[in-house]
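Read off the chains here:
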There are 2 protein chains.
Amino acid sequence: MKVMNFKKLSVLMAALLACGIGAMAQQALWSAAEVVSPEVNPDNTVTFRLKAPKAVKVQLLGDFIPNRLVDTPSGVVEMPGIADFTETEGGVWEYTTPEPLKPEFYSYTFVVDGLKMSDPSNMHKLRDTGTINDVFIVKGAEAGDLYSINDVPHGTVSKVWYESPKLGLQRRMSVYTPAGYEGGSKRYPVLYLLHGMGGDENAWLELGRASQILDNLIASGKAKPMIVVFPNGNPALESAPGHGSNGFSRPTTALPKTMTGEYEDAFPEIVNFIDKNYRTIKSKKGRAIAGLSMGGYHTLHISKQYPDMFDYVGLFSAAIMPYEGVSHPVYDNFEEKLATQMAKSPALYWIAIGETDFLYKPNEEFRKILDANNYKYIYRESEGGHIWRNWRIYLSEFLPMLF
Amino acid sequence: MKVMNFKKLSVLMAALLACGIGAMAQQALWSAAEVVSPEVNPDNTVTFRLKAPKAVKVQLLGDFIPNRLVDTPSGVVEMPGIADFTETEGGVWEYTTPEPLKPEFYSYTFVVDGLKMSDPSNMHKLRDTGTINDVFIVKGAEAGDLYSINDVPHGTVSKVWYESPKLGLQRRMSVYTPAGYEGGSKRYPVLYLLHGMGGDENAWLELGRASQILDNLIASGKAKPMIVVFPNGNPALESAPGHGSNGFSRPTTALPKTMTGEYEDAFPEIVNFIDKNYRTIKSKKGRAIAGLSMGGYHTLHISKQYPDMFDYVGLFSAAIMPYEGVSHPVYDNFEEKLATQMAKSPALYWIAIGETDFLYKPNEEFRKILDANNYKYIYRESEGGHIWRNWRIYLSEFLPMLF
């Protein structure tokens, strides 16, 4: 056997690997950002930085900055707060929050001379409908711990496709199976968790931190191990933008079929697929359904359309009732179907909404119906409006009540 | 039963839902971009747009623009190509490629008055080591079709955690199971597909379009249905940045333990986990391993360290041999271990590299050893260098040779 010249090769490799990091990143198109941003400081203030030597003004929009009132042609409007950066040495602009931020999951973006731009130093961005936000987390008590990835057993998150003969499409969903599911033989209850308008099968997992909340609540014994299914609530679409056969399409909220009854009507296809392919408890007592906003609307209608399917129902900031001009058998005989559902005594009917939510009033009207008929439900009113912060809180409170 | 005032409610809902789309996006922080970018035109030219009324100069960096030679203090360096936008009406800047682009998966970013910025109109961005690139796909023959999500049965992609007692961590991997896996009883062969330095368990699926390539090759009968496992190749880390217990950490290429023998040594933990939890063919003939760059290095060492584990081996632009100063039993007796592996006649030993790859020479040296010893392998030399475009091609060619 020819003996290899190890020394020569290893010296060569040292040189090659030193330059290799650059070359390996040659498709990265430009070097990594030279500043750290955002930086969560030890006292939980947060510093943002941008190197922009030619900029005249650098600003920050963030959901941790108090909203401001802005005069517009259509009147005074509440707008996200904005803060000014200060230029420091070497063209680096900097902003530090004046107060420590409470533990939470936050979003922001930069504005450079009037142009909104993503933070080039932050690799962690999430799409919310038609915008990309930079995100960070402040760890710590309650929300911070619950939304963080901690050293606890982690469930599996899968992107799974199912055939929908009713909708004529292959469709994508996300499925969370709890730690221990793989290689086990136990059967689990299932929560079907529905997103809002403009969301998709990724929304609850990305913006809602659902898998972190589940991992943490299950690990601490506060929630039962369960499977959670996140379908896509627009029956005209296969999947989230970028994950379907129309390629890197543009997200839109102008969705023609989101609240037309078709999704609700076809929902048993999803339940059947899950019951066939996962180790589920295949009965009403092993199934829950909940959703936010449009997903609350879907939950309302699906749960009464199939009154033997779900024992636990959660309406989070729900868009209650069909809207003008929509007709589908699913929406017919609303009160009779609700009466049937309630006569079967669901184990939980939970309604949550924020006091400034634009859907507060229809929820109030709906509760009047429930009250007038002595239907049992639990009502949870929170601060704030129609925002992910509230939906994460509602999920954290809802999960421990299940199964 | 009190009859609900449907008409009143439905009118209310119409109004609320009309304004609701705005309110539902209230955490989006700013309105969606007003221009379409990128736009793949019918002739496969591509138009990029940015609304930036105050900008003086807007440029485009993209991997579809020919590289340029730049004078730097350290000599002439090849840099990514750059193109200038033209200002059109209303402060909208526009650039259209002078020629149609070939079907491919492309990356780019904008440069506004010298400041690199992500395209605010494009929701589809991918991280490559420490940078975020905007991406798009030009569909069509070969690459374009192979990397697209087509109307074929889709496999499941899961993010799964396993315990590594040897490394003292819970660690995250990605797992592709082919269409039909769920609810079936068939056993499948497994490919272990390893990433390069700066990559992670997401890299092959995001930048490498691995699940699309698999779906498409399996659907057309060109590749056998198989499970593909994408572990994280840095044994000091739990996961990709943002998916582990250190939160939204910054990605780095300064990874202390990536090529030290520990990962290779602990690799059977991954194989055992997969064999325990998935319906695999639990033998050498049912296992393949391949990797790009550092993952090729890992593949080289893992496959000879465990010569009864893998029947198919693929080195894609592999970083061959240990480098200076690294000592680990995995690297001892290199030639003897290689002789043992080759004596057991692996079904395939495949080496691929680009003619301008900075790792070309060490691969050539390695092939000399193989040739001198009459070890059987297949050699594939391509155009180009150390880039994802080549690795997608290599994967597309490697998969049909397996199992």
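Residues numbered from 1 in each chain as written. Chains lettered and ligands numbered in written order. Predicted model: local features only at pLDDT ≥ 70, side-chain atom pairs only at ≥ 80, totals over all residues. Heavy atoms only, no water.

Draft legend 1. Geometry of unusual backbone geometry. Residues A:S37 and A:P38 are joined by a peptide bond in cis, for which omega reads -10°. With respect to the element layout, A:P38 can be found in the loop between α1 (6–24) and β1 (39–40). Here the phi dihedral of B:N374 falls at roughly 55°; this positive angle occurs in a residue that is not glycine. When you line up the elements, B:N374 lands in the loop between α8 (360–372) and β20 (378–382). (Helix = DSSP H or I, 4+ residues; strand = E, 2+ residues; numbered from the N terminus.)

Draft legend 2. The sheet that holds strand β8 (residues 92–96) of chain A, seen in detail. All names here are of chain A. One open sheet accounts for four strands, arranged β1-β2-β8-β7; its pairing is antiparallel. Each of the sheet's edge strands pairs with one partner strand only, and the pair in question is β1 and β7 (86–87). Bridge analysis of β7 against β8 gives two bridges, and the strand direction is antiparallel. From the neighbouring strand, T86 faces β8, where its bridge partner is E94. (Pairing = 2+ DSSP bridges.)

Draft legend 3. View of the packing of helix α6 (residues 294–305) of chain A against helix α7 (residues 334–343) of chain A. All names here are of chain A. Viewed as axis vectors pointing N to C, α6 and α7 meet at an angle of 70°, and their least axial separation amounts to 8 Å. Taken together, the axis directions place α6 and α7 in an arrangement best described as roughly perpendicular. Our pair here, α6 against α7, has a crossing hand that is left-handed. Where α6 approaches α7, its residues L300, H301, S303, K304 and Q305 are matched on the opposing element by F334, K337, L338 and Q341. Of the residues belonging to the contact of α6 with α7, the class tally is three nonpolar, four polar and two charged. (Axes fitted to C-alpha atoms, helices over the stretch in contact; angles between N-to-C directions. Parallel < 35°, antiparallel > 145°, perpendicular 65-115°, else oblique. Left-handed = near helix turned anticlockwise from the far one by under 90°. Contact = heavy atoms within 4.5 Å. Nonpolar A, V, L, I, M, F, W, Y, C, P; charged D, E, K, R; others polar.)

Draft legend 4. Representation of the sheet that holds strand β8 (residues 92–96) of chain B within the structure. All names here are of chain B. Judged by pairing direction, the sheet is antiparallel, and its four strands sit side by side in the order β1-β2-β8-β7 without closing on themselves. If you trace the sheet from one side to the other, it starts and ends with β1 (39–40) and β7 (86–87), each paired once. Of the pairings in the sheet, the one linking β1 to strand β2 (residues 46–51) comprises two bridges and is antiparallel in character. Across the sheet, the residue bridging to V40 is V46, located in β2.

Draft legend 5. Looking closely at the pattern of salt bridges. All told, the structure shown has 24 salt bridges over all chains when counted by the stated rule. Across the salt bridge formed by A:K125 and A:D134, the nearest N and O atoms sit 2.6 Å from each other. The salt bridge partner of B:E397 is B:R380, with a shortest N-O separation of 2.6 Å. With a gap of 17 residues between them, B:E397 in helix α9 (residues 388–398) and B:R380 in strand β20 connect regions that are remote in the sequence. Judged by relative accessible area, B:E397 falls into the partly exposed class, the value being 29%. Classification of B:R380 as partly exposed rests on a relative accessible area of 23%. (Salt bridge = Lys/Arg side-chain N within 4 Å of Asp/Glu carboxyl O. Buried < 20%, exposed > 50% of the residue type's maximum accessible area, 1.4 Å probe, protein only.)

Draft legend 6. Focus on the side chain of B:S239. All names here are of chain B. When you line up the elements, S239 lands in the loop between β16 (227–230) and α5 (262–277). Looking at S239, its side chain comes within polar contact range of the main-chain nitrogen of G244, at 3.0 Å. Residue contacts for S239: discarding those within four places in its chain leaves W161, R172, E201, N232 and G244. (Polar contact = N/O pair within 3.5 Å; in protein donor to acceptor, adjacent residues only side chain to side chain.)

Draft legend 7. Region of the structure containing α7(A). All names here are of chain A. Those residues of α7 not exposed but buried are F334, E335, K337, L338, Q341 and M342. For α7, the arc enclosing every buried residue in end-on projection is 160°, short of the 170-degree limit, so these residues lie on one face. Of the residues flanking the end of α7, it is S345, one or two places downstream, whose phi is positive at about 50°. (Arc of directions from axis to C-beta.)

Draft legend 8. Up close: helix α6 (residues 294–305) of chain B. Residues and elements named next belong to chain B. End to end, α6 covers 16 Å across twelve residues, agreeing with the expected 16 Å (1.5 Å per residue, within 8%). By the criterion of burial, α6 is predominantly enclosed, with eleven of the twelve residues buried. Within the sequence span of α6, burial applies to M294, G295, G296, Y297, H298, T299, L300, H301, I302, S303 and K304. (Expected span 1.5 Å × (residues − 1).)

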